[in-house]
Amino acid sequence: MDTNKEKIVKKEYQLTMFEDETTIAFNIGETDAYVYTCMPSVLAKLDKLCEDYPNIFKQTKFDGCGGSYKFPKKYIKISKPRNYSDLERSKRAARLELARAKK
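Reading the values: rules and limits
Residues numbered from 1 in each chain as written. Predicted model: local features only at pLDDT ≥ 70, side-chain atom pairs only at ≥ 80, totals over all residues. Heavy atoms only, no water. Salt bridge = Lys/Arg side-chain N within 4 Å of Asp/Glu carboxyl O. Helix = DSSP H or I, 4+ residues; strand = E, 2+ residues; numbered from the N terminus. Buried < 20%, exposed > 50% of the residue type's maximum accessible area, 1.4 Å probe, protein only. Pairing = 2+ DSSP bridges. pLDDT = per-residue confidence, 0-100. Contact = heavy atoms within 4.5 Å.

Trainee: Can you lay out the pattern of salt bridges for me, pointing to particular residues and giving the numbers?
Mentor: Tallying each qualifying case throughout the model produces 4 salt bridges. Between Lys70 and Asp32 there is a salt bridge, with the nearest N and O atoms lying 3.5 Å from each other. Taken together, the residues Lys70 in strand S4 (residues 67-72) and Asp32 in strand S2 (residues 32-37) connect sequence positions 38 residues apart. Close ionic contact of Lys48 with Asp52 constitutes a salt bridge, the shortest N to O distance being 3.3 Å. Of this pair, Lys48 and Asp52 both sit in helix H2 (residues 40-52), separated by 4 residues, roughly a single helical turn.

Laid out in structure tokens, this is it:
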């Protein structure tokens, strides 16, 4: 399997921001979810999961632009938005600013 960096270089054509998409599909009748993505950040995450957990996450296709993956749908998570207090929000902003300053 190619590494993600090699995949990004091998893109056959440049996509617009609207074409650089991720599609997740799952249904009641199957235990697996299917993901197709052209987004480099999502490709990197899924490739890492395939390397770390090859019995669970599988890449099924790479088409020169994006990749298709298959894994159990129990790993799909949809959650409610977080509600932070003003104090927590300011603490997080300060941590982020500090982290950015270190780079």
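And the narrative resumes.
Trainee: Please give an account of the environment of Leu15 that cites residues and values.
Mentor: Take Leu15: it is sitting in the loop between helix H1 (4-9) and strand S1 (22-25). Look at Leu15 and you get buried, because its relative accessible area is 12%. Residues Leu15 and Cys65, 50 residues apart in the sequence, show an inter-C-alpha distance of 8.4 Å.

Trainee: Lay out the pairing of S4 with the relevant residues and their values.
Mentor: When S2 meets S4, the two strands line up antiparallel, connected through 6 bridges. Pairing of Thr37 across the sheet is with Gly67, part of S4. The pairing of strand S3 (residues 58-62) with S4 spans 4 bridges and is antiparallel. Looking at S4, one finds that Phe62 is bridged to Gly67.

Trainee: Describe the confidence of the model for the chain, listing the residues and the values that go with them.
Mentor: The predicted model of the chain averages 87 in pLDDT, with 87% of residues at 70 or higher. Here H1 is the element of the chain with the lowest mean pLDDT, 46, and S4 is the one with the highest, 97. Across residues 1-10, confidence stays below pLDDT 50; counting only partners more than four residues off in sequence or on other chains, it has 15 contacts.

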